[in-house]
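# Breakdown of the fold
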Number of protein chains: 2
Amino acid sequence: MMKTYSISEVAKELNLTVYTLRYYDKEGLMPFVERTASGTRLFKQSDIDALKVIECLKSTGMPIKEIKSFIDWCSDGDSTLQQRYDMFIERKACVNAQMEELKKTMEVIEHKCLYYKTALEAGTEDIHKKNKIEIPITE
Amino acid sequence: MMKTYSISEVAKELNLTVYTLRYYDKEGLMPFVERTASGTRLFKQSDIDALKVIECLKSTGMPIKEIKSFIDWCSDGDSTLQQRYDMFIERKACVNAQMEELKKTMEVIEHKCLYYKTALEAGTEDIHKKNKIEIPITE
DNA sequence: ATAATCCCTATAGTTAACTCTAGGTCAAGT
DNA sequence: ACTTGACCTAGAGTTAACTATAGGGATTAT
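Looking at an unreviewed UniProt entry, one finds chain A named DNA-binding transcriptional regulator, MerR family and attributed to Gracilibacillus orientalis.

Following this line, the structure appears as structure tokens:
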């Protein structure tokens, strides 16, 4: 007999709540998970692996409805290999774009860190104000 | 007289809608924007710059309520320099964590690209099934 | 055998971040 | 004077992704 896991075990492993897993199932992301006669879900290791791929797609910002299309394609077999390949290529481009975006964000954040470090040391933000015309006439 | 911009000009420049800008204002993110006697918003260049920082914070995943705290601190002056510095340091750590996360995501995505490339070339996903015990007895 | 603890469904509620509508003001052009 | 188009507010509606509740069934520990 193949080892199976309960919904709460899977939730713990994937850092999700039981609610979330049942919600995913309702949305059609887990058509592969089998049940006991009385309806309790039995997760196989391969189901957990599939959920990890779902989590990966989610972390690229893909909405659940699109992830469902992918799951449907998986159920449809080899005739959808091209769609699935195209989808991952597109995801790759999307993640690359996000990385670029994050780099730009990081530059601004780091600039602000320096800005506030300097201001803190001076005790005032005025240090950054362009008051450079401030040449006293006397002295 | 200093040049000012209308809400729709600013929206176009920042790739936001006027709805969104008014929403931000309602949420307290733009207390610095001045108005004409009849209530029309007049954006200065410095206001646009501030909005770019807000967009930057948003892109780190910071919720609007927290961004509002930052804006409030800015209005409070030098007494809040430490909070603001701490906030940017924390944002930096957060962006770093996101970058790490994205890298891991990218690895999985790239692995899947290869997986589907191979499957496409073979015309079937079966190529990846571990049927390696498949040694015919005869021949 | 019975209480505790898991599991289930269906459905309602929540939250964030918009997005839109209705009804009105105001300034510029014809 | 009047139409056009940009501006305004208040408030309702939307969407995604959960999150929680109510009511009930099954399994395990005492």
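## Some thoughts on the relation of the copies chain B and chain A
Laying chain B over chain A is done by rotating through 180° and shifting 0.0 Å along the axis; what remains is an RMSD of 0.1 Å. Both copies are brought into coincidence by an operation consistent with a two-fold rotation axis. Identified as the residue of chain B closest to the rotation axis by C-alpha distance is M99(B), at 3.5 Å. An overlap of 100% is found between the interface residues of chain B and their copies at the interface of chain A, pointing to a shared contact surface.

## Brief notes about the packing of aromatic side chains
Scanning the entire structure with this criterion turns up eight aromatic pairs over all chains. Between the aromatic rings of Y23(A) and Y24(A), the centroid separation amounts to 6.0 Å while the plane-to-plane angle is 45°, which identifies the pairing as tilted. The partly exposed category is assigned to Y23(A), whose relative accessible area is 39%. Note on Y24(A): relative accessible area 2%, which makes it buried. For the pair Y115(A) and Y116(A), a centre-to-centre distance of 4.9 Å together with 80° between the ring planes defines the contact as edge-to-face. Here Y115(A) falls in the buried class, since its relative accessible area comes to 18%. By the ring-pair criterion, three or more aromatic residues cluster together here, those being F70(A), F88(A), Y115(B) and Y116(B). Residue placement shows K112(A) over the ring face of Y115(A); its charged tip is 4.9 Å from the ring centre.

## A closer look at the interface of chain B and chain A
If you look at the interface, chain B gives 36 residues, while chain A gives 36 residues. At the boundary of chain B with chain A, total buried surface from both sides reaches about 3,300 Å², with 78% on carbon and sulfur atoms. At the boundary of chain B with chain A, the tally comes to four salt bridges. Between E110(B) and K92(A) there is a salt bridge, with its nearest N and O atoms 3.8 Å apart. The interface formed by chain B and chain A holds 10 residue pairs in polar contact (both at pLDDT 80 or more) in total. Mapped by element, the contributors of at least two residues to the side of chain B that touches chain A are α3 (45-59), α4 (64-76) and α5 (81-122) of chain B.

## Quick word on the packing of helix α3 (residues 45-59) of chain A against helix α5 (residues 81-122) of chain A
Residues and elements named next belong to chain A. Between α3 and α5, the least distance of the axes is 10 Å, while the angle of their chain directions is 45°. Relative to α5, α3 is oriented oblique. Every residue of α5 that contacts α3 at V53, L57 and S59 is listed here: M87, F88, R91 and Q98. Looking at the contact of α3 with α5, its residues break down into four nonpolar, two polar and one charged.

Cut-offs applied
- Residues numbered from 1 in each chain as written.
- Chains lettered and ligands numbered in written order.
- Predicted model: local features only at pLDDT ≥ 70, side-chain atom pairs only at ≥ 80, totals over all residues.
- Heavy atoms only, no water.
- Least-squares fit on C-alpha atoms with pLDDT ≥ 70 in both.
- Contact = heavy atoms within 4.5 Å.
- Phe/Tyr/Trp six-rings, centres within 6.5 Å; stacked < 30°, edge-to-face > 60°.
- Buried < 20%, exposed > 50% of the residue type's maximum accessible area, 1.4 Å probe, protein only.
- Lys NZ or Arg CZ within 6 Å of the ring centre and 35° of its normal.
- Buried area = accessible area lost by both parts, 1.4 Å probe.
- Salt bridge = Lys/Arg side-chain N within 4 Å of Asp/Glu carboxyl O.
- Polar contact = N/O pair within 3.5 Å; in protein donor to acceptor, adjacent residues only side chain to side chain.
- Helix = DSSP H or I, 4+ residues; strand = E, 2+ residues; numbered from the N terminus.
- Axes fitted to C-alpha atoms, helices over the stretch in contact; angles between N-to-C directions.
- Parallel < 35°, antiparallel > 145°, perpendicular 65-115°, else oblique.
- Nonpolar A, V, L, I, M, F, W, Y, C, P; charged D, E, K, R; others polar.

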